[in-house]
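Each chain, written out:
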Amino acid sequence: MEKNRPCIILEQPGTRYYCACGKSGTQPHCDGSHKGSGLHPWKVEIETEKKVAICTCGISKKLPFCDGAHKTLG
Ligand code: FES
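Since this is a predicted model, take the numbers as computed values, not measurements.

**Overview of the overall build of the protein**
Item 1. Each helix and strand in the protein was counted, giving 0 helices and 4 strands.
Item 2. The secondary structure elements of the protein, listed N-terminal to C-terminal, are β-β-β-β.
Item 3. Radius of gyration (C-alpha) of the protein: 12 Å, near the 11 Å computed for a compact globule of 74 residues.
Item 4. Based on the C-alpha atoms only, the size of the protein along its principal axes is roughly 35 × 30 × 20 Å.
Item 5. Looking at the protein residue by residue over its 74 residues, the buried ones come to 28%.
Item 6. The long-range share in the protein, meaning contacts at least 24 apart out of those at least 6 apart in sequence, stands at 49%.

What follows is the structure, encoded as structure tokens:
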């Protein structure tokens, strides 16, 4: 996964848990590696099949989704 660019994936309907700690080996999804850190994944209900852009830079105001804020980084 390229740093400071969103991770764009096609999601199917259902509950998704996106990593908020940065330790997951299955980015952008949570793999449970956050346990003991005090952090928790973002829980999102996907209603219909769609492409989602998941933030990897951490400064989006719409986490876990990208809002384009990475473009302000050098
Ligand atoms: S592994 Fe990162 S939030 Fe679960």
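Moving on from the model shown.
**Some words on the UniProt feature "domain: Iron-binding zinc finger CDGSH type" (unreviewed entry) in the protein**
Item 1. Residues given the UniProt feature "domain: Iron-binding zinc finger CDGSH type" (unreviewed entry) here are residues 4-40 and 41-74.
Item 2. Helix makes up 0% of residues 4-40 and strand 27%, with an end-to-end C-alpha separation of 21 Å.
Item 3. Strand forms 29% of residues 41-74 and helix 0%; the C-alpha atoms that close the span are 27 Å apart.

**Description of the side chain of H34**
Item 1. Relative to the assigned elements, H34 resides in the loop between β2 (14-18) and β3 (42-46).
Item 2. Those residues in contact with H34 that lie beyond four places of it in its chain are C21, L39, H40 and P41.

**Examining empty space enclosed by the protein**
Item 1. Within this structure, the stated rule accounts for 2 cavities of 30 Å³ or more.
Item 2. Space inside the largest cavity adds up to approximately 40 Å³.
Item 3. Lining the largest cavity, in full, are N4, R5, P6, C55, T56, C57, S60, C66, D67, G68, A69 and H70.
Item 4. Across the lining of the largest cavity, the residue classes break down as 5 nonpolar, 5 polar and 2 charged.
Item 5. Lining the second largest cavity, in full, are C19, A20, C21, C30, H34, L39, H40 and P41.
Item 6. When the residues that make up the lining of the second largest cavity are grouped by side-chain class, the tally is 6 nonpolar, 2 polar and no charged.

Thresholds applied
- Residue positions are counted from 1 within each chain, in the order its sequence is given.
- Local features in this predicted model are restricted to residues of pLDDT 70 or higher, and side-chain atom pairs are both shown and tallied only at a pLDDT of 80 or more, whereas totals for entire chains, interfaces and linings draw on every residue.
- Note that the side-chain values use all heavy atoms of the structure and ignore hydrogens as well as water.
- Only DSSP runs of H or I with at least four residues qualify as helices, and only runs of E with at least two residues qualify as strands; both kinds are numbered from the N terminus onward.
- C-alpha atoms define the radius of gyration, and 2.2 Å times the number of residues to the power 0.38 defines the globule rule.
- Each residue is placed in one exposure class: buried if its accessible area under a 1.4 Å probe, protein chains only, is under 20% of its type's maximum, exposed if it is over 50%, and partly exposed if it falls in between.
- Contact between two residues is taken to exist if any of their heavy atoms lie within 4.5 Å; hydrogens are not considered.
- UniProt positions are given in the numbering used here, feature names are shortened, and annotations may be inferred rather than shown by experiment.
- Buriedness for pockets is judged along seven lines, at least five of which must meet protein on both sides within 12 Å for an open set on the 1 Å grid over protein atoms alone, while cavities are sets there where a 1.4 Å probe fits but cannot get out, and lining residues have an atom within 4 Å of a point.
- Grid points are joined across faces, edges and corners, and a volume is the space filled by probe spheres set on the points.
- The classification used treats Ala, Val, Leu, Ile, Met, Phe, Trp, Tyr, Cys and Pro as nonpolar, Asp, Glu, Lys and Arg as charged, and all other residues, Gly among them, as polar.

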